[in-house]
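Structural overview
Chain by chain, the residues:
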Amino acid sequence: MKFTEFMRNIRKQELPHVFLLSGEEHYYIDKAKEAILSRLFPQGQGSEDALQKADGDMELSALLANIESVPFFADKNVILLNGTNLFRDSKQAGGDSKELDELIRLLGDMPPYSYVVFIAPYKADKRRKLYKAVNKAGLILEAEPLRAWNIGEWLQGKLRSLNKDMDREAYAYFAGAVSMMQQISLAYLDKEFDKLALFSKERRITKAELVEVFSGLPEVSVFALLDAISARDSKKALLLLHRQLADGTYFTVLVALLTRHVRQLWQAKELMKKGIRGKALAKPLELNPFIAEKLGRAAAAFPEPVLKRAMLMLIDADYTLKTGQAGNEVLEEAVITLCKGKD
């Protein structure tokens, strides 16, 4: 199940005795683990004697023994396997064994004093008997990495937890800022929103406050430059390009983000040829619907030959800048081509 549903189940009166936290989004896994341990050990009391942690996997014989052993100095056994390989693809994890069959049986009939938390930082193989046993006996978190196009649920949950909201202008900026991030770090966003909540006096978060928080990230500060390119405003785009370079943004970051933007414009044009328009562009482009719709409108103004020419220029610029054969003028030329280029 997804994070929100998983956490809702954790808050229920009775906890199951088996958990699997699987997936690539460490933020969700860490939050889920904290919630489980908080329920098992209120205020952290009793964890010293009851909690057994292992990085990787225990020997199955040891795991079975630990589950069945009656605790002496605590009222429960809690076994946490961090980084287990038991839920990988069958070929990677090895064949089933008698001990694994016994573990599967035991998970379905756990001693009342024992709890097992499996942490698998990858997409678990749902075909495995062990996965099915955990799914039947306990709770499974599927911690998939968030993308720009589906971050809305996380954002709404975070704002509710802070008793905050944001206006349309602020949301548009946030969506654009996130769309610039090659990889979305929920841990980073979580920390920045906590910081923002401390300094924001009003309930409603403003665009100005968001700009102050995110402007230090090179990927996000380039957002205004790409906006100017989308509007084909060469004067503003060149001014922002020079500002980025003066502020010390590495040309490699600029080339990468410019190339990505041109690719997205090109992809949007191809999708629109197939009748995919507006917010429907969000999923194939992996963008927030608001940003995807905006990108689609911008893409319509760019002739395909211009995008092709700009892409080739950026590829050449990447090589010539890295080898010292050219200066920042190659970036200026690419920006001018995008803003002024014609068929």
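Residues numbered from 1 in each chain as written. Predicted model: local features only at pLDDT ≥ 70, side-chain atom pairs only at ≥ 80, totals over all residues. Heavy atoms only, no water.

1. Points about the overall build of the protein chain
This is how the line gets drawn: Numbered from the N terminus, helices here are DSSP runs of H or I no shorter than four residues, and strands are runs of E no shorter than two. Radius of gyration here uses only the C-alpha atoms, and the compact-globule reference equals 2.2 Å multiplied by the residue count raised to the power 0.38. The buried label goes to any residue with under 20% of its type's maximum accessible area, the exposed label to any with over 50%, and the partly exposed label to all in between, with areas taken from a 1.4 Å probe on protein chains only. By definition, residues are in contact when any of their heavy atoms lie within 4.5 Å. Each accessible area is a Shrake-Rupley result for a 1.4 Å probe, and residues are judged covered by the shown protein chains and nothing else. Within this scheme the basic residues Lys and Arg register as positive and the acidic residues Asp and Glu register as negative, but His and the chain ends are omitted. A single reference atom marks each charge: NZ on Lys, CZ on Arg, CG on Asp, CD on Glu.
Broken down by element type, the protein chain carries 19 helices and 7 strands. On C-alpha atoms alone, the protein chain measures out to a radius of gyration of 25 Å, which is more than a quarter above the 20 Å that the 2.2 N^0.38 rule sets for 343 residues. Referenced to the eigenvectors of the C-alpha coordinate spread, the extents of the protein chain come out at roughly 75 × 50 × 45 Å. Within the protein chain, buried positions represent 48% of all 343 residues. For the protein chain, the share of sequence-separated contacts (at least 6 apart) that also reach a separation of at least 24 residues comes to 79%. Carbon and sulfur atoms make up 50% of the accessible area of the protein chain, which amounts to about 18,100 Å² in all. Here the protein chain contributes 50 positively and 46 negatively charged side chains, and the mean placements of these two sets differ by 7 Å.

2. Brief notes about the environment of Tyr 122
The condition that has to hold: Throughout this description, a polar contact denotes any pair of N or O atoms lying within 3.5 Å of each other; where both atoms belong to protein, one of them has to be capable of donating a hydrogen while the other can accept it, and for residues adjacent in sequence the pair is counted only when both atoms sit in side chains.
Among the secondary structure elements, Tyr 122 is positioned in the loop between strand S4 (114-120) and helix H7 (129-137). Put simply, Tyr 122 and Leu 21 are 101 residues apart on the chain and 9.4 Å apart in space, counted from C-alpha to C-alpha. Among all residues touching Tyr 122, those that are not within four sequence positions of it are Ser 22, Gly 23, Glu 24, Thr 84, Asn 85, Leu 86, Phe 87 and Arg 88. A distance of 2.7 Å separates a polar side-chain atom of Tyr 122 from the backbone oxygen of Thr 84.

3. Digging into helix H13 (residues 223-230)
Counting buried positions along H13 gives 6 out of 8 residues, so the element sits mostly inside the fold. For H13, the complete set of buried residues consists of Phe 223, Leu 225, Leu 226, Ala 228, Ile 229 and Ser 230. After H13 finishes, the residue Arg 232 shows a positive phi value of roughly 55°.

Interpretation in functional terms is not warranted from these geometric data alone.
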